[in-house]
Protein chains: 2
Amino acid sequence: MTLHWTRLAQDGNARRGVLHTAHGEVETPVFMPVGTAGTVKAMTADSVRATGARMVLGNTYHLMLRPGAERVGRLGGLHTMMDWHGPILTDSGGYQVMSLNELRQMDEGGVTFRSHLDGSKHRLTPERSIEIQRLLDADVTMCLDECTPFPATEEQAATSMRLSMRWAKRCRDAFVPREGYGLFGIVQGSTYPELRAESVAALSGIGFEGYAVGGLAVGEGQEMMFGVLDCTLPLMPTHAPRYLMGVGTPSDIVGAVRRGIDMFDCVIPTRSGRTGRAYTSRGMMNLRNAKHAEDKRPIDPDCACPACARHSRAYLHHLIKAEEMLGPMLLTWHNLQYYQDLTRGLRDAISAGRLDAHAAALEAAWAAGDAPPEDAAAAELAEDRETLR
Amino acid sequence: MTLHWTRLAQDGNARRGVLHTAHGEVETPVFMPVGTAGTVKAMTADSVRATGARMVLGNTYHLMLRPGAERVGRLGGLHTMMDWHGPILTDSGGYQVMSLNELRQMDEGGVTFRSHLDGSKHRLTPERSIEIQRLLDADVTMCLDECTPFPATEEQAATSMRLSMRWAKRCRDAFVPREGYGLFGIVQGSTYPELRAESVAALSGIGFEGYAVGGLAVGEGQEMMFGVLDCTLPLMPTHAPRYLMGVGTPSDIVGAVRRGIDMFDCVIPTRSGRTGRAYTSRGMMNLRNAKHAEDKRPIDPDCACPACARHSRAYLHHLIKAEEMLGPMLLTWHNLQYYQDLTRGLRDAISAGRLDAHAAALEAAWAAGDAPPEDAAAAELAEDRETLR
């Protein structure tokens, strides 16, 4: 049987379920830490697992350029190479080809670009993306698509989405079914409900093991993102997992789970950890801020991660100021732990039928805790949103 | 009782013993990882302990400037701040004042310098150095001395050494005896046997809980360093621990242990780990080298560290090339593990009375293993030596 998802519970539009993969089962809603180049930055595979994470993401674009997809294949695949024995989802490479390459050339067949590492020329087609992801041994393979820029006119969005749908069919044809492996289609259509509906219909017609909502977290803001989810999710197949790509902040995740999303990935917890920011049950704090310099309290008294269980805010402030690697290491661990605790809490709330109350309590604690949004927090949040991947 | 050392076994000039401190017992010969700014770079306190390390070093110079000695004191001392509950040795700050500050001003009373961080003016005297180390809560406090540059004329070396001896007396007077804490004197005298003898006599006359050999690992080379040890160690008190500051390579450590040194610290395992170099039972290797790109073997099949137990040379090569933080993290862990395994092996060999054979086997394996010195290894070793701290 290919990769599949079973529903355990439902609360409003929110679903709790289990994703069954070649490398084990994963409870949803799930947050997948981003392991761009074959490593979740600043974390060992053991420490990623210790946070409760059970599934990670790898970036096809980065891995195809270095160390190279064929090399990863010869090394036994991504699981073996990075010592991660749970499921792995890889993206198609398309997003980074577009965002990291100004000189890319798109055509009906695929996209030609130069490596940002050494200038070497590469071509990514739907068929090659699927082949690369097979070499990486991804449990979940993503269709190559064009991530429509924001904003886009309806005509631009339609043209882009329809190309992605033709590519989705080619990806489906190229994908070799294997026990526990699956291919996800990606809904595009920018902010236009009719285009989103057309995209969902096209993908449902082809048939995939899961469906992603793409083209979001590209600067449109939370309200517009939720608006797209509100008009798109009710149209999507209910039997398959739904994945919101590149999202998001804790608040984004709560809102998207309430609307029926099952899977998430985002660089926010890892990237913000590397820059001194900590997400907590009582809001987001910037450990670089001088007010933490002699604060003996843990970042988050409700967190069991090593940063919180063993160290003070003062020590973490010192590590960040001194640019010691341990600062990013501990804050990355903390943020990943927080994201895992957050999604586990959402799963439990769904099972208990009390997701609305749980979400309200989360939002209230973020706003009223002893680590309320700081002066710069709003700006940082905007920055986080803009640099989602 | 103040900090003290008891001898368990002797093999030739080499000694096995136990250092009794306020924060526990440590077997010697011991290698202390360097935790310059309140963290062993790229390692959590738990992972340092997991390598077998039981005692670490902190740098007074760095800590007095950031976060500041009084602040560390208010945070409960270095043990609490960095979550390291074993013994800690701190240096006096003198070495870095000299090496990191071109505009320092020495006088009989102490040394005045500007912070390399913000240009602020500071003064370090023997009394202030002792006070700072008390605030840091160091189990072993080091006397403030002048690390005589190499090379030095006999007159320069004599003048410098005698200043250090006057400062040693002032340090002894300033040090407040506490249960399990101790003060170490530092033998100077450059490469001049008569001056080394004069320095040992001066320090023995004052009386310390331990004696360090300073002014080495400053570019003089292994042969000259061993020569200084050969003429100095026989003069030193036998009841007290002997500490060779800032040394060294595995070969340096084996040679120094055979001559009667009990304690070591060095940045080589941590610093070389961050630049992609691994010390192994079969020689040193540079993981940056392209020949490792598809090598599925572990760095060292005889090593139990996570880098060796879980990953291939190929993966570590990839991490280093991709400048992923996990590369330095894993290689630092490996190198510290290797240094701990090395010193444990030396301790066991001393107990068994087979140190000569053990040392010969180590040297033979380094030379003949499957990771023999590479093209650049000699140059890198020289670089390691020159950047010891």
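These numbers come from a predicted model, not from an experiment.

### Describing the packing of helix 9 (residues 222-232) of chain A against helix 10 (residues 250-259) of chain A
All names here are of chain A.
And step 1. Following both chains from N to C, one finds helix 9 and helix 10 inclined at 15°, their axes separated by 10 Å at the closest point. Judged by the inter-axis angle, helix 9 sits roughly parallel to helix 10. Taken as a pair, helix 9 and helix 10 cross one another with a handedness that is right-handed. Residues Q222, M225, F226, L229 and D230 of helix 9 form the contact with helix 10, whose own contacting residues are S251, D252, G255, A256 and R259.
And step 2. Residues that form the contact of helix 9 with helix 10 fall into these classes: four nonpolar, three polar and three charged.

### Quick look at the relation of the copies chain B and chain A
And step 1. Mapping chain B onto chain A is achieved by rotating through 180° and translating by 0.0 Å along the same axis, at an RMSD of 0.0 Å. Both copies of the chain, as the preceding transformation shows, are related through a two-fold rotation axis. Of every C-alpha in chain B, the one belonging to M325(B) sits nearest the axis of rotation, 4.0 Å from it.
And step 2. Most of the interface of chain B is mirrored in chain A, where 100% of its interface residues again form contacts.

### So, the interface of chain B and chain A
And step 1. Every contact between the two is made by 33 residues of chain B and, on the other side, 33 residues of chain A.
And step 2. Carbon and sulfur atoms supply 56% of the area that chain B and chain A bury against each other, a total of about 3400 Å² over both sides.
And step 3. At the boundary of chain B and chain A, one finds 10 salt bridges.
And step 4. In this structure, E294(A) and R71(B) form a salt bridge, with 2.8 Å as the shortest nitrogen-oxygen distance.
And step 5. At five residues, helix 13 (residues 313-321) of chain B tops the list of elements feeding residues into the side of chain B that touches chain A.
And step 6. When the residues that make up the side of chain B that touches chain A are grouped by side-chain class, the tally is 16 nonpolar, five polar and 12 charged.

### Looking at the sheet that holds strand 3 (residues 24-28) of chain A
Where strands meet in a sheet, backbone hydrogen bonds hold them as pairs that are either parallel or antiparallel.
Residues and elements named next belong to chain A.
And step 1. In space, the three strands of this open sheet follow the order 1-2-3, with antiparallel pairing throughout. The open sheet has two free edges, formed respectively by strand 1 (4-11) and strand 3, since each of these has just one partner strand. For this sheet the average axis-to-axis angle between neighbouring strands, irrespective of direction, equals 15°.
And step 2. As paired elements, strand 2 (residues 14-21) and strand 3 share five bridges and run antiparallel to each other. Bridge pairing in strand 3 places L19 opposite V26.

### A closer look at the environment of E179(B)
Residues and elements named next belong to chain B.
And step 1. Looking at where E179 falls in the secondary structure, it is placed in the loop between helix 7 (154-174) and strand 11 (182-187).
And step 2. Residue class for E179 comes out exposed when judged on its relative accessible area of 60%.
And step 3. Separated by 91 residues in sequence, E179 and I88 have C-alpha atoms that sit 15 Å apart.
And step 4. Each residue touching E179, except ones within four places of it in the same chain, is listed here: M1 and A22.
And step 5. Polar side-chain contacts of E179 include one of 2.7 Å to the backbone nitrogen of M1.

### Considering the pairing of strand 2 of chain A
The two faces of the sheet receive side chains in turn, since in a regular strand these alternate between them.
Residues and elements named next belong to chain A.
And step 1. Burial within strand 2 is extensive, with eight of its eight residues counted as buried.
And step 2. Of the two faces of strand 2, the one carrying A14, R16, V18 and H20 and the one carrying R15, G17, L19 and T21 are both buried.
And step 3. Looking at chain direction, strand 1 and strand 2 are connected through seven bridges and run antiparallel. When the sheet's bridge partners are listed, T6 is paired in strand 2 with V18.
And step 4. From the end of strand 1 to the start of strand 2, which pair antiparallel, there are two residues, and G12 there has a positive phi angle of about 65°.

What counts and how
- All residue numbers refer to positions counted from 1 along the written sequence of the respective chain.
- Labels are handed out in written order, letters beginning with A for the chains and numbers beginning with 1 for the ligands.
- Local features in a predicted model are, by the rule used here, given only for residues with pLDDT of at least 70; side-chain atom pairs are given and counted only at 80 or more, and totals for whole chains, interfaces and linings are based on all residues.
- Side-chain numbers here rest on the full set of heavy atoms in the structure, without hydrogens or water.
- Helix axes are fitted to C-alpha atoms over the stretch in contact, other axes to C-alpha atoms as well, and angles between N-to-C directions run from 0 to 180 degrees.
- Every helix listed is a DSSP run of H or I at least four residues long, and every strand listed is a run of E at least two residues long, numbered separately from the N terminus.
- In these notes the angle categories are as follows: under 35 degrees is roughly parallel, over 145 is roughly antiparallel, 65 to 115 is roughly perpendicular, and the rest is oblique.
- Here a crossing is called left-handed whenever its near helix is offset anticlockwise from the far helix by less than a right angle, and right-handed whenever the offset is clockwise.
- A contact between two residues is defined here by any heavy atoms of the two lying within 4.5 Å.
- Asp, Glu, Lys and Arg are counted as charged, while Ala, Val, Leu, Ile, Met, Phe, Trp, Tyr, Cys and Pro are counted as nonpolar; the rest, among them Gly, fall into the polar class.
- All copies are superposed by least squares; the fitting set is the C-alpha atoms of residues with a pLDDT of at least 70 in both.
- A 1.4 Å probe defines the accessible area here, and the buried area is the portion of it lost by two parts on being joined, summed over both.
- Definition used for salt bridges: Asp or Glu carboxyl oxygen within 4 Å of a side-chain nitrogen of Lys or Arg.
- For two strands to be treated as a pair, DSSP must find at least two bridges joining them.
- Exposure categories follow from relative accessible area, calculated using a 1.4 Å probe and restricted to protein chains: below 20% of the type maximum is buried, above 50% is exposed, and the middle band is partly exposed.
- Counted as a polar contact is a pair of N or O atoms within 3.5 Å, where, for protein atoms, one must be capable of donating a hydrogen and the other of accepting one, and residues adjacent in sequence contribute only when both atoms are in side chains.

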